[in-house]
Amino acid sequence: MEAQGWIAKAERIAQPPDPARLAGVIQELLTALGENPKREGLQRTPARVAEMLQEVLAGYWMDPADLINGAIFEVEDNDLVLVRDIEFYSMCEHHLLPFYGRVHVAYIPNGRIIGLSKIPRVVELFARRLQVQERMTRQIADFLEAVLYPQGVAVIVEAAHLCAMMRGVRKSQARMVTQALTGVFRTDPRHRSELLAHLRRPPEKV
C-alpha cells in the first residue's frame, strides 16, 4: 500500500496547539465580551476551554498511520459491509457551534477489508475538526476509498446543527442529511437499494 496516498487524505497537523496560548486567547475573548475573567466563576474557564478544544478538535493532529495501524486484511468475499449509527460530534466552522448526529458507512470490498473498530475512528478523525457536514461526509468516503480501493463506498450523515437551533432560523427539529457515494453505489441501483433496505430496518439489540 502506498502510504503517502491515503495518509495525505487526512491532512494531519503535526503538533497539538499550545494550551497556554489557547487559554490566553479565551481570556481575551471573555474580556472583549465585557466579562471579568478574574471573577470566581471564570478564573479557570480559559484553561478549561483550552483543554476542551484540544479534545474536540483532536482530528487535526491524529496520526492516520497510527489510526489504521496495519488493520487492512485480504479477503475473497465481496459482500456489503455496513457500520451504521456511528455517533459523532463536530464543530461548525462558520459559527464555532457544535453539530452532531449519526454516520452510516458502507463499502463493497475488492479484495481487502478494514478492521471494524477503525471505521468509527475514521469518522472521528474528520469529525473532530472545524467542519461543514458536506465536506466531512466526502472526506470520510474519500479516505476509505484511498485506503481500501473498494468496489464502492457510501457515507450517509444525519445531523442537528446548533447554529440553526440556537440562532438564525431557530428550528430545533431541523436535521441535515448528506451523502457521498463512489463506485458501484453511484452506478448500480441494486447496491443502493440493498443499502437503503438495511438502513430502513430498526437497529436490533445485541
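Heads up: these notes are all about the structure in this document. (Residues numbered from 1 in each chain as written. Predicted model: local features only at pLDDT ≥ 70, side-chain atom pairs only at ≥ 80, totals over all residues. Heavy atoms only, no water.)

A tally of regular secondary structure across the protein chain gives nine helices and seven strands. When its C-alpha atoms are laid out on the principal axes, the protein chain stretches across 65 × 40 × 30 Å. Taken across its 206 residues, the protein chain has 40% of its residues classed as buried. By sequence separation, contacts in the protein chain at least 24 residues apart represent 72% of the contacts at least 6 residues apart. Of the roughly 12,100 Å² that the protein chain leaves accessible, carbon and sulfur atoms contribute 52%. (Helix = DSSP H or I, 4+ residues; strand = E, 2+ residues; numbered from the N terminus. Buried < 20%, exposed > 50% of the residue type's maximum accessible area, 1.4 Å probe, protein only. Contact = heavy atoms within 4.5 Å. Areas by Shrake-Rupley, 256 points an atom, 1.4 Å probe, with all protein chains shown as cover.)

Moving on to the pattern of salt bridges. Between side chains of opposite charge, a pair can form when the charged atoms approach closely. Throughout the structure, instances matching the rule amount to eight salt bridges. One salt bridge connects Glu93 with Arg135, and the closest N-O pair in it is separated by 2.5 Å. Taken together, the residues span a long stretch of sequence, with Glu93 in the loop between strand E2 (81-92) and strand E3 (98-108) and Arg135 in helix H6 (residues 133-148) at a distance of 42 residues. Here Glu93 falls in the partly exposed class, since its relative accessible area comes to 31%. The class for Arg135 is partly exposed, based on a relative accessible area of 33%. Residue Arg190 is joined to Asp188 by a salt bridge in which the shortest nitrogen-to-oxygen separation is 2.8 Å. Note on Asp188: relative accessible area 13%, which makes it buried. Look at the salt bridges and you will find they share partners, linking Arg84, Asp85, Arg102 and Glu158 into a network. (Salt bridge = Lys/Arg side-chain N within 4 Å of Asp/Glu carboxyl O.)

It is worth spelling out the sheet that holds strand E6 (residues 152-161) at this point. Within a sheet, each strand pairs with its neighbour through backbone hydrogen bonds, oriented either parallel or antiparallel. Across the sheet, which stays open at both edges, the five strands sit in the order E5-E2-E3-E6-E7 with mixed pairing between neighbours. Pairing within the sheet leaves two strands with one partner each, and these edge strands are strand E5 (130-131) and strand E7 (176-181). By the bridge criterion, six bridges tie E6 to E7 in an arrangement that is antiparallel. Paired with Glu158 across the two strands is Val177, which belongs to E7. Across the face of the sheet, H6 comes into contact with E2, E3, E5, E6 and E7 while running at roughly 155° to E6. (Pairing = 2+ DSSP bridges. Axes fitted to C-alpha atoms, helices over the stretch in contact; angles between N-to-C directions.)

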